Amino acid sequence: MTVEAEAAMVPDGSQSVGQRRVLIIIGALLLGMLLAALDQTIVATALPTIAGDLHGLSHLSWVVTAYLLASTVSTPLWGKLGDMYGRKVFFQASIVIFLIGSALSGLAHSMIELIASRAIQGLGGGGLLVGAQTIVGDVVPPRQRGRYQGIFGATFGVASVLGPLIGGFFVDNLSWRWVFYINLPLGAVALVVTAAVLPGRLSRTRHVIDYAGTALIGASAVCLVLLTSLGGNTYAWGSFPIILLGVLAVVCAAGFVLVERRAAEPVIPPRLFANRVFTSSSVVGFAVGFAMFGALAYLPQYMQVVRGISPTLSGLRLLPLMAGLLLTSIGTGFLVSKWGRYKIFPVVGTALMTLGLFLLSRLGTGTSFWLVSLYLFVLGVGIGCSLQVLVIAVQNAVDYKDLGAATSGTTFFRSIGGSFGTAVFGAIFSGVLAGDIAAALHGVPLPSGISASAGASPAVLEHLPATIRDGYIAGFTQALHTVFLYATPIGVVAFLLSLLLKEVPLRDTVRAVDRAQSTAPTSVPATRDSAQEMERALMALFGRERRAETYRRLAQEADVRLGPRSTWLMYRIADNAPITEAELSRLLGIDVSDLEQRLAEPVAVGYVSVAVPGRPADGDGAQASASVTLTSAGQQAASRLVASREAGIDRLVTDWEPDKVPELRRLLGRITTTLVATDISPERDGVTARAAPPR
């Protein structure tokens, strides 16, 4: 069946959009997703040069932190505003904001300007990530959403892996400013294409937006990150600004808890924290994000400043980390689906992550690059073992009403952890760098224009006298040792908390791992509500069905005397009858002669009637198309088939107690209708053919 034919039969509110237009829309959405994903990691290998050119090594971490914080906090707002007022206009607005931030970042002449511009970029990036995922549900039929969401996750994953390499290439061959300028032509293309082909009237949903909760949790996070960044560096720990930031962080956090208890649609329902699995998973996810983004921010410093390799080559040297992360993220999702057990993965993962952080603290000026690659691979494997599994554990432990909020909450804490990790790594690094360099130089002063706080680009270091350069690099190496050594206890805490994860037998729907999450090694925000998350899982499960066996079983359970091919056709006729042969063949994308052959069995057993009208009395004109209707026996058979399909769905969600949740019961009815109306049956299992029923 063609995409047009399937879209025409979607009863869940998706837009009926032609195949070519769908592909163009998906291309534009992928471009938007690519921009936002790249900017999480592309800047990593440009940071040493940026810090040297803008004389802001002590504020280096904020180039990453500003983007992550703005993107993370704004994501829930973008999703709900798009639901309420139209996703097209807000997706386009996010592209414009992202491009403005990119242009300003490229034009920045100080670290303060760059940090502010990156925050603007992050606001737009949050809208790009959530908009691309939600618009797919508006233009693609349910059966095909899993495939496209998997493509989106793969795009995010590839962008995250290649980001450091691309950033290094631009620094080597153009300028670090092109790390941001490259977004402008790509974003302009995405903006023009979405304006031209994206339907203007996409589905809308009413929400009560929790503005106060979003503002308070964002303010608390910013205060805490500022406190960790500035404390002991810019200001003494006991100074008024640091104390004020601490008080504000606590007040905002307390205000957030109070507001969330009264909010109609809270950002994170407070009752979730009473769930031990959610709390443990959130803290472990925080630690995983902490280690991942902190390492990505400071490993290029080791590669370029300590080892003296080019930005492009430093991007290549990071590939073992990203490869290990991607492989285990995908692999653990597959193994959990197969085995039905999940606790072992975060336990092993956090242990390996802790080991990886400790090994990185042993890196020196002469460490073999093969050994460096091994250390990075260990860290990547450890992080990847935990990413997807934590989401699965939470989904398996909460009630249906909290399914969407718990999923998004888990990814939210992982992203916040990334912001804190980068900031804390930066604070530790800045706090010890000056002393370590001074100790390594044995009293020899740095040349004018170079200081520990301002830093020096790798190009500048090459022209320093050998004694000063070696002393600077030795002190720099020691500061990096301290950063990774101090991060190791965070991994230990994550390991201990992972031991507290309660392993509950997996629900069938939880086994349907989200491919978009498992193929994205960094943080793809979860934006679905409980109903959308359940629909995704069920569609993923049904996508694995062997069609012939499924329809043979459905016919047996419904006591319908038809083979798989004819059973499939009965669902099509029941959903559209009365209908002419010409209309039905057009709907299914097959020839009328082919349809007549397939109708033979249902007609023979008395389920379908085909009325052939005569030629007009005057003998003029063509004979009208035959009318296809269900007989009384056929209507009864069709009802039993639909009931059989719904009973099969019920068996998959028994653990969720659908009879006690009216919303879930309504959702199952809608999914049943969607499945029987849009099911594409292959000629051979696993091979999609045009409107071919099962043999």
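None of the values given here were measured: they were computed from a predicted structure.

A general feature of soluble globular proteins is that nonpolar side chains tend to end up buried together. The biggest cluster of nonpolar side chains holds 105 residues, and the ones touching the most others in it are Ile-268, Phe-429 and Phe-476. Of the residues forming this core, the biggest block, 18 residues, is contributed by helix α12 (residues 276-306). The residues touching Ile-268, leaving out its near neighbours within four places in the chain, are Ile-217, Phe-256, Glu-260, Phe-273, Phe-278, Phe-412 and Phe-413. Formed by 28 residues, the second largest nonpolar core is a distinct cluster that contains Ile-25, Ile-95, Leu-99 and Phe-156.

It is worth spelling out the sheet that holds strand β3 (residues 627-630) at this point. Strand order across the open sheet formed by three strands is β1-β3-β2, with antiparallel pairing between neighbours. At either end of the open sheet lies a strand with only one pairing partner, and these are β1 (579-580) and β2 (608-611). Here β1 pairs with β3 via two bridges, running antiparallel. Within β3, the residue paired with Ile-579 across the bridge is Val-628. Contacts from helix α23 (residues 564-576) reach β1, β2 and β3, with the element oriented near 100° to β3.

Here the protein averages 75 in pLDDT, and 77% of its residues register 70 or above. Scored below 50 in pLDDT, residues 518-522 makes 27 contacts in the model with residues more than four places away or belonging to other chains.

Let us now look at helix α5 (residues 87-107). Along an α-helix, a turn takes 3.6 residues, which lines up residues three or four apart on a common side. Given a rise of 1.5 Å per residue, 21 residues ought to cover 30 Å, and the 30 Å separating the end C-alpha atoms of α5 matches this to within 8%. Of the positions making up α5, those classed as buried are Arg-87, Lys-88, Phe-91, Gln-92, Ser-94, Ile-95, Phe-98, Leu-99, Gly-101, Ser-102, Ser-105 and Gly-106.

This paragraph deals with the packing of α5 against helix α9 (residues 183-197). Between two packed helices, both the angle of their axes relative to each other and the distance between the axes serve to describe the pair. As a packed pair, α5 and α9 sit with axes 10 Å apart at the nearest point and diverge in direction by 165°. Comparing the axis directions of α5 and α9 gives the class roughly antiparallel. The crossing of α5 and α9 is left-handed. Contact residues: Lys-88, Phe-91, Gln-92, Ile-95, Val-96, Phe-98, Leu-99, Ser-102 and Ala-103 in α5; Asn-183, Leu-184, Gly-187, Ala-188, Ala-190, Leu-191, Thr-194 and Ala-195 in α9. Across the contact of α5 with α9, the residue classes break down as eleven nonpolar, five polar and one charged.

Thresholds applied
- Residues numbered from 1 in each chain as written.
- Predicted model: local features only at pLDDT ≥ 70, side-chain atom pairs only at ≥ 80, totals over all residues.
- Heavy atoms only, no water.
- Core = buried A, V, L, I, M, F, W, Y, C linked by side-chain atoms within 4.5 Å.
- Buried < 20%, exposed > 50% of the residue type's maximum accessible area, 1.4 Å probe, protein only.
- Helix = DSSP H or I, 4+ residues; strand = E, 2+ residues; numbered from the N terminus.
- Contact = heavy atoms within 4.5 Å.
- Pairing = 2+ DSSP bridges.
- Axes fitted to C-alpha atoms, helices over the stretch in contact; angles between N-to-C directions.
- pLDDT = per-residue confidence, 0-100.
- Expected span 1.5 Å × (residues − 1).
- Parallel < 35°, antiparallel > 145°, perpendicular 65-115°, else oblique.
- Left-handed = near helix turned anticlockwise from the far one by under 90°.
- Nonpolar A, V, L, I, M, F, W, Y, C, P; charged D, E, K, R; others polar.

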